[in-house]
Amino acid sequence: MTEMVYTVDEAAEILRCGPNYVRKLIKSGKLKCMKLGHIKIRKSTLEEFLESYEGYDMTNPSDPVLLNMTDICNIQ
């Protein structure tokens, strides 16, 4: 079993955000992690997070808000 694990910096690159935001996600309980010397995030955990919160505004990780796609895309 070869499960890929990422550091906070690597997870931030994948999510296209900063490491501080990844730490906010972890602190809010939205993104699970483990400590193996330093914080590590499993690839499968990151994929589960992306699937779970697709369609949400995660600007404030403590208060995810369902996106209104009509407003975002200006679809009439």
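Remember, predicted model here, so these are calculated numbers, not experimental data. The written sequence of each chain sets the order in which its residues are numbered from 1. Totals for whole chains, interfaces and linings use all residues, but because this is a predicted model, local features are given only for residues with pLDDT of at least 70 and pairs of side-chain atoms are given and counted only at 80 or more. Processing note: side-chain calculations cover all non-hydrogen atoms of the structure and skip hydrogens and water entirely.

K.L.:
Sorry, what's going on with the environment of Ile14 here?
P.N.:
Along the chain, the position of Ile14 falls in helix H1 (residues 8-15). A C-alpha to C-alpha distance of 9.1 Å links Ile14 and Leu46, two positions 32 residues apart in sequence. Only heavy atoms matter for contacts: two residues are in contact if any of them lie within 4.5 Å across the pair. Non-local contacts of Ile14, meaning those with residues more than four positions away in its chain, are made with Tyr6 and Leu46. Only DSSP runs of H or I covering at least 4 residues are called helices, and only runs of E covering at least 2 are called strands; the numbering of each starts at the N terminus.

K.L.:
What am I meant to see in the packing of H1 against helix H3 (residues 43-52) here?
P.N.:
In helix packing, the relevant descriptors are the interaxial angle and the interaxial distance, both defined with respect to the helix axes. Geometry is summarised by axes, namely lines fitted to C-alpha atoms with helices restricted to the contacting stretch, and by angles between N-to-C directions that run from 0 to 180 degrees. Between H1 and H3, whose axes approach to 12 Å, the crossing angle comes to 35 degrees. Read as a crossing pair, H1 and H3 show a hand that is right-handed. Every residue of H3 that contacts H1 at Ala11, Ile14 and Leu15 is listed here: Leu46, Phe49 and Leu50. Gly falls in the polar group here, along with every residue not listed as nonpolar (Ala, Val, Leu, Ile, Met, Phe, Trp, Tyr, Cys, Pro) or charged (Asp, Glu, Lys, Arg). In terms of residue class, the contact of H1 with H3 is made up of six nonpolar, no polar and no charged. Two helices cross in a left-handed way if the nearer one is turned anticlockwise from the farther one by less than a right angle. They cross in a right-handed way if the turn is clockwise.

K.L.:
Sorry if this is basic, but what is going on with the nonpolar core here?
P.N.:
Nonpolar side chains in soluble globular proteins tend to be buried together. Nine residue types can take part in a nonpolar core, namely buried Ala, Val, Leu, Ile, Met, Phe, Trp, Tyr and Cys, and a core is a set of them joined through side-chain atoms within 4.5 Å. Per-residue accessibility, obtained with a 1.4 Å probe over protein chains only, is compared with the maximum for each type, and a residue is labelled buried under 20%, exposed over 50%, and partly exposed between these values. Membership of the largest hydrophobic core comes to 13 residues, with the highest contact counts inside it found for Val22, Leu31, Ile41 and Leu46. Listed by contribution, the elements that provide at least two residues to this core are H1, helix H2 (19-28) and H3. Here this core gets four residues from one element, more than from any other, and that element is H1.

K.L.:
Where do I start with the side chain of Lys40 in this structure?
P.N.:
Looking at the secondary structure, you find Lys40 in strand E3 (residues 38-42). We treat Lys and Arg as the positive residues and Asp and Glu as the negative residues; His and chain ends play no part in the count. Here, a salt bridge means any Lys or Arg side-chain nitrogen found within 4 Å of an Asp or Glu carboxyl oxygen. Here Lys40 sits buried without a salt bridge, and the closest side chain of opposite charge, Glu10, lies 7.6 Å off (N-O distance). Among the polar contacts made by the side chain of Lys40, one reaches the main-chain carbonyl oxygen of Leu36 at a distance of 3.4 Å. Discounting residues that sit within four places of it in the chain, Lys40 has contacts with Val5, Tyr6, Thr7, Cys33 and Met34. What qualifies as a polar contact is a pair of N or O atoms within 3.5 Å, subject to a donor-acceptor requirement within protein and to the restriction that residues adjacent in sequence count only when both atoms come from side chains.

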